[in-house]
Amino acid sequence: MYEITRHPVSEAVRQRAHLTDEDYLRLYRQSIEQPQQFWGEQASAFLDWFKPWDSVCQGVMQQGTATWFAGGKLNVAYNCIDRHLSARAEQVAFIWEGDEPNESKKITYRELHDKVCRLANLLKSRGINKGDRVCIYMPMIPEAAFAMLACARIGAVHSVVFGGFSPDSLRDRILDSDCRAVITADEGVRGGKRIPLKNNVDKALSECPKVTTVVMVERTGAAVGFCEGRDLRYASALQTVPADCPPEWMDAEDPLFILYTSGSTGKPKGVLHTTGGYLLQVAMTHKYIFDYHEGDIFWCTADVGWVTGHSYIVYGPLANGAISLIFEGVPNYPDCSRFWQVVDKHQVNIFYTAPTALRALMREGDQPVKKTSRQSLRLLGTVGEPINPEAWEWYFNVVGQRRCPIVDTWWQTETGAIMIAPLPGATELKPGSATRPFFGVQPLLLDEQGKEIEGEGSGVLAIRASWPSQIRSVFGSPQRMLETYFSAYPGYYFTGDGARRDEDGYWWITGRIDDVINVSGHRIGTAEVESALVLHEAVAEAGVVGYPHDIKGQGIYAFVTLMATVQPSDALKKELTALVGKEIGNFSKPDLIQWASALPKTRSGKIMRRILRKIACNELETLGDTSTLADPSVVDGLIEKRLNR
Ligand code: WTA
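Residues numbered from 1 in each chain as written. Predicted model: local features only at pLDDT ≥ 70, side-chain atom pairs only at ≥ 80, totals over all residues. Heavy atoms only, no water.

The protein chain carries the name Acetyl-coenzyme A synthetase in an unreviewed UniProt entry, which gives Ventosimonas gracilis as its organism.

Below, the structure written as structure tokens:
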């Protein structure tokens with residue numbers, strides 16, 4: 001066992017911080033005991049409303065009827081842009097750092113207002129109205145954020161699809177949420193490579209007849225297909241519309257966005273978030289957990305295609321009038337000093353990234369870090385997967401020079417905003433622990449029978465009561481939300497994560513306990529990878545599980561049974577890997593493929609993934625009971641040929 005060192009709050013951090021430990025304890029108690037009063041006060045303090053709400057929080061979370069600030073009217077783009085103009089029109093809103101180190105630019109709040117209003121008007125001119133869905137399939141350029149805010153301004157619901165997804169995945173998402181427009185770029189640029197976004201869109205749209213508008217940002221100027229009547233070139237089209245677009249008054253419970261995420265079963269779910277509660281919790285957590293102060297430069301390295309980019313590149317920071325950095329590139333291009341060079345170049349104060357990136361950089365040694373200054377850094381954060389204490393200590397000692405607290409933030413697409421994390425001025429840190437719940441969040445531990453575990457212990461992580469930025473629905477299927485999150489453990493929100501609570505009441509998230517694999521912080525459903533594999537005519541059956549991976553956190557291990565007439569070969573492995581890349585996206589390619597003459601199944605024919613997982617993780621002593629298998633001898637064959645020894 002790794003010895004855990006406690007890191008108390010330093011005097012310098014405490015003095016600067018918005019909140020002390022006494023503040024945390026007092027406000028947390030108030031948030032639980034008097035939620036109506038607490039959240040009402042916060043909503044007035046953090047957001048501008050056109051009309052006050054009728055009730056702070058109503059309805060029953062478990063029945064899918066929870067509402068926050070219903071009846072209240074506001075607009076997210078107004079809160080993120082317009083209301084800052086009187087005081088900080090000339091302040092930078094976004095710093096953009098391109099893939100190449102010589103490319104960067106700054107966008108002020110005034111420029112942001114202009115761009116967002118014009119794009120909003122352009123969408124309106126194409127018949128996009130309040131409630132319509134717009135797909136955003138973009139590289140990491142400022143226009144991705146403009147597009148989100150333009151939708152929010154007119155009440156259109158955006159569905160951002162990560163640029164790493166394949167044309168087929170893009171098509172499925174466009175169809176599922178019935179999008180009428182797509183905003184994209186000719187190409188993306190990442191780590192010196194080009195990504196054919198517009199070509200992917202064209203492929204996807206060949207099966208999406210209802211999409212009548214494509215707005216294309218010219219990022220590289222590459223020659224790409226252009227469909228007259230449907231396609232518009234962003235820069236020239238913006239010049240044809242007025243620069244003023246009054247914001248739509250939205251109800252706090254009107255939808256803001258849909259974001260697809262993988263679950264245990266079936267197709268990815270369109271997680272639906274609404275307006276008021278979401279914006280409040282992202283703004284509050286951004287201010288308090290990152291201890292954001294006026295003028296600080298905040299850099300979240302996530303992609304806007306994931307929830308972290310939504311909440312902590314765009315909405316949280318902008319609601320607070322912050323300066324947010326958008327990075328187009330990757331940590332190791334042109335070399336593995338890049339993150340720290342960008343920190344120095346733009347004098348970043350707060351830096352938020354994923355453990356997988358830290359582990360990859362840690363492997364390169366300290367030199368690439370130490371040759372940069374990093375004196376501007378004041379606070380570090382992590383998200384997306386458990387951070388191992390070794391990586392935490394490296395982040396703290398080497399990157400942060402023992403000066404910067406680390407906030408390990410646990411949350412999910414479904415929670416919308418951070419749920420468990422330290423407050424820098426208040427919380428003693430323990431490497432690997434997300435520490436304590438944010439205001440209003442009531443985590444609890446359940447055993448397998450759904451009974452609450454008190455005090456210290458390990459179990460299933462669940463949440464007791466609604467919080468403002470919680471998922472409101474699965475788009476098109478409210479029933480699926482109830483089944484996925486509120487039926488496994490009746491009465492609670494089920495997170496899909498396992499956790500431990502220690503003697504101080506601190507939370508340690510141990511990872512997914514369902515059939516979701518977390519690869520480099522990307523959520524991948526085993527069922528999705530299996531469906532892709534069995535599309536190949538040589539494949540009879542596939543069983544996919546996660547296994548521990550030094551850099552990625554988890555890797556993808558596929559057990560594949562071939563058709564009786566097919567000979568296994570390395571060439572076939574390559575074909576299968578490529579097929580998964582084509583079907584879902586390159587980030588979901590299996591790391592290991594083991595040929596299996598058969599898969600372990602129950603007598604009713606269900607694949608026993610628990611056993612496959614044990615084999616893939618090389619945990620043979622704890623295989624458990626195999627006597628219920630239709631043919632227990634299958635397991636010995638798999639063990640003998642296992643790849644991950
Ligand atoms: C995992 C990302 C441990 C967890 C914001 C969760 C974490 C899933 C942490 C959600 C953390 C996220 N420590 N595990 N600090 N943060 N996770 O929806 O398994 O992409 O359920 O949202 O990531 O991933 P998602």
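Trainee: How should the sheet that holds strand β16 (residues 297-300) be read in this particular structure?
Mentor: Hydrogen bonds along the backbone pair up the strands of a sheet, which may run parallel or antiparallel. Read across the open sheet, the seven strands follow the order β5-β4-β17-β16-β18-β19-β20; overall the sheet is mixed. Taken across any chain shown, the strands that pair with only one partner, and hence form the sheet edges, are β5 (104-108) and β20 (406-409). Taking each pair of neighbouring strands and ignoring which way they run, the sheet shows an average axis angle of 20°. Sheet analysis places strand β18 (residues 350-353) next to strand β19 (residues 379-383), joined by four bridges and oriented parallel. Following the sheet pairing, Y352 is matched in β19 by G381. (Pairing = 2+ DSSP bridges. Helix = DSSP H or I, 4+ residues; strand = E, 2+ residues; numbered from the N terminus. Axes fitted to C-alpha atoms, helices over the stretch in contact; angles between N-to-C directions.)

Trainee: Got a minute to help me understand the pairing of strand β15 (residues 269-274) in this structure?
Mentor: The side chains of a regular strand alternate, residue by residue, between the two faces of the sheet. Taken across its six residues, β15 has six buried, putting it largely inside the fold. By the alternation rule, side chains of β15 split into K269, V271 and H273 and G270, L272 and T274, which are all buried. Where strand β14 (residues 255-261) meets β15, six bridges bridge the pair, whose relative direction is antiparallel. The residue of β15 that forms the bridge with T261 is K269. Relative to strand β24 (residues 473-474), β15 is paired through two bridges, and the arrangement is antiparallel. If you follow V271 over to β24, its bridge partner there is V474. (Buried < 20%, exposed > 50% of the residue type's maximum accessible area, 1.4 Å probe, protein only.)

Trainee: Can you help me understand the UniProt feature "domain: AMP-binding enzyme C-terminal" (unreviewed entry) in the protein chain in this one?
Mentor: Under the UniProt annotation, the feature "domain: AMP-binding enzyme C-terminal" (unreviewed entry) is placed at residues 528-606. The distance separating the terminal C-alpha atoms of residues 528-606 is 16 Å; by composition the span is 25% helix and 32% strand. (UniProt positions renumbered as here; feature names shortened; annotations may be inferred.)

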